[in-house]
Amino acid sequence: MSDYDKLRAIVPQLEELRTDLATKIQSREGDLRIVTDLHRRVSEALKALSGQG
């Protein structure tokens, strides 16, 4: 399996992580700067994997 195929296989996990992070941001849970940065990075990764980035 290529590296790209491995990344594509974890897309559902990344989508779930993005949703969890958004929930934490809305509820102000944890260090907001870190959670927001992680959300941005996961969103960028998903965009790149979908061919939009």
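Up top you'll find the structure we're talking about.
Every chain is numbered independently, its residues counted from 1 as its sequence is written. A pLDDT threshold of at least 70 governs which residues receive local features in this predicted model, and a stricter bar of 80 or more applies before side-chain atom pairs are shown or counted, although totals over entire chains, interfaces and linings include all residues. Side-chain metrics rest on all non-hydrogen atoms present in the structure, leaving aside hydrogens and water.

Peer 1: Got a minute to help me understand the overall build of the chain in this structure?
Peer 2: Summing up its helical and strand segments, the chain has three helices and zero strands in all. Ordered by position from the N terminus, the helices and strands of the chain form the series α-α-α. Dimensions of the chain, computed from C-alpha atoms along their principal axes, come out at roughly 40 × 20 × 15 Å. To sort residues, take the accessible area from a 1.4 Å probe on protein chains only and compare it with the maximum for the residue type: under 20% means buried, over 50% means exposed, and anything in between is partly exposed. For the chain, with 53 residues in total, the buried portion stands at 13%. When the accessible area of the chain is evaluated, it comes to approximately 4200 Å², of which 53% is carbon and sulfur surface. This count recognises Lys and Arg as positive and Asp and Glu as negative, with His and chain-terminal groups excluded. Lys charges are placed at NZ, Arg charges at CZ, Asp charges at CG and Glu charges at CD. Charged side chains of the chain number 9 positive and 9 negative; the gap between the two group centres comes to 5 Å. Secondary structure is summarised from DSSP: a helix means a run of H or I of at least four residues, a strand means a run of E of at least two, and numbering begins at the N terminus for each. Here the Shrake-Rupley method, with its probe set to 1.4 Å, supplies the accessible areas, and only the displayed protein chains count as covering residues.

Peer 1: I tried to follow the environment of glutamine 13 on my own but got confused; where do I start?
Peer 2: For glutamine 13, the location among the structural elements is in helix α2 (residues 11-26). Put simply, glutamine 13 and serine 27 are 14 residues apart on the chain and 21 Å apart in space, counted from C-alpha to C-alpha.

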